[in-house]
Amino acid sequence: MVLKNSIILSCLVWLTVSCQESAQQQDHFTKQTPAEQGASLYSMHCGQCHGEDGQLGASGAKNLSTSQLSDAQIVQIIKNGKGAMPAMKALLESDENINLVVSHLKGLRR
Ligand code: HEC
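Computed from a predicted structure; not experimentally measured.

1. Thoughts on the overall build of the protein chain
Okay, step 1: Counting its regular elements, the protein chain contains six helices and zero strands.
Okay, step 2: Going from N to C terminus, the protein chain has its helices and strands arranged as α-α-α-α-α-α.
Okay, step 3: In the protein chain, once contacts between residues fewer than 6 apart in sequence are set aside, the share between residues at least 24 apart is 56%.

2. Considering the nonpolar core
Okay, step 1: In this structure, Ala39, Leu41, Tyr42, Cys46, Leu64, Ile78, Leu92, Leu100, Val101 and Leu105 together form the largest nonpolar core, which totals ten residues.
Okay, step 2: The set of elements that each furnish at least two residues to this core consists of α2 (34-45) and α6 (95-107).
Okay, step 3: When near neighbours in sequence (up to four residues on either side) are disregarded, Leu105 contacts Tyr42, Gly54, Leu64 and Ile74.

3. Details of unusual backbone geometry
Okay, step 1: One non-glycine residue, Ser59, lies in positive phi territory at about 55 degrees.
Okay, step 2: Relative to the elements of secondary structure, Ser59 occurs in the loop between α3 (47-50) and α4 (71-80).
Okay, step 3: Although it is not a glycine, Glu93 sits at a positive phi angle of roughly 75 degrees.
Okay, step 4: Checked against the element boundaries, Glu93 lands in the loop between α5 (89-92) and α6.

4. Description of the site of the ligand
Okay, step 1: The environment of the ligand is made up of 24 residues, and the closest members are Cys46, Cys49, Ser67, Gly83 and Met85.
Okay, step 2: Elements with a contribution of two residues or more to the shell around the ligand: α3, α4 and α6.
Okay, step 3: When its residues are assigned to classes, the shell around the ligand shows 15 nonpolar, seven polar and two charged.

5. A closer look at the confidence of the model for the protein chain
Atomic detail in the predicted coordinates should be set aside for any region of low pLDDT.
Okay, step 1: The predicted model of the protein chain has a mean per-residue pLDDT of 87, with 74% of residues at 70 or higher.
Okay, step 2: Put simply, helix α1 (residues 2-30) is where the protein chain has its lowest mean pLDDT, 60, and α4 is where it has its highest, 98.

6. Overview of the packing of α2 against α6
Between two packed helices, the angle of one axis relative to the other and the distance separating the axes together describe the packing.
Okay, step 1: Viewed as axis vectors pointing N to C, α2 and α6 meet at an angle of 90 degrees, and their least axial separation amounts to 8 Å. When the axes of α2 and α6 are compared, the pair comes out roughly perpendicular. Residues Pro34, Ala35, Gln37, Gly38, Ala39, Leu41 and Tyr42 of α2 pack against Asn97, Leu100, Val101, Ser103, His104 and Leu105 of α6.
Okay, step 2: Considered class by class, the residues forming the contact of α2 with α6 number eight nonpolar, five polar and no charged.

Criteria and cut-off values
Residues numbered from 1 in each chain as written. Predicted model: local features only at pLDDT ≥ 70, side-chain atom pairs only at ≥ 80, totals over all residues. Helix = DSSP H or I, 4+ residues; strand = E, 2+ residues; numbered from the N terminus. Contact = placed C-beta atoms within 7 Å. Core = buried A, V, L, I, M, F, W, Y, C linked by C-beta atoms within 7 Å. Buried ≥ 20, exposed ≤ 12 C-beta atoms within 10 Å, placed from the backbone. Near = placed C-beta within 6 Å. Nonpolar A, V, L, I, M, F, W, Y, C, P; charged D, E, K, R; others polar. pLDDT = per-residue confidence, 0-100. Axes fitted to C-alpha atoms, helices over the stretch in contact; angles between N-to-C directions. Parallel < 35°, antiparallel > 145°, perpendicular 65-115°, else oblique.

Below is the structure:
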């Protein structure tokens, strides 16, 4: 009986600890500023073609640091793709994320 109780107890302790860990990870993400979220979304989904500074030009990608497009035009291209650039709507998941990426991208302009 004593053994059974201590097994249950250690399961409870383990559960509590693992819940706290995932809550902390969640916290870490939600504590990112919008600018940081935009930057990580950009490096995850756009960096491989456009480069961290927007100037890489892989697969014929346009230089984003000299791009003059309006916000609405950028949103259209992100959502629907253009030429060799695939549509990014599904990857970015929400309009909110798209807007974060747009503001990051405009920060790359010279
Ligand atoms: C697979 C490579 C690839 C990825 C990934 C990619 N792009 Fe592109 N991007 C391109 C190419 C190629 C073009 C040029 C399209 C054309 O004009 O034919 C382009 C063009 C653009 C343009 C238009 C620039 C201009 O002035 O005409 C914008 C804005 C843009 N990309 C933003 C993004 C953003 C934001 C992401 C991430 C969400 C992204 N791209 C991901 C390849 C990529």
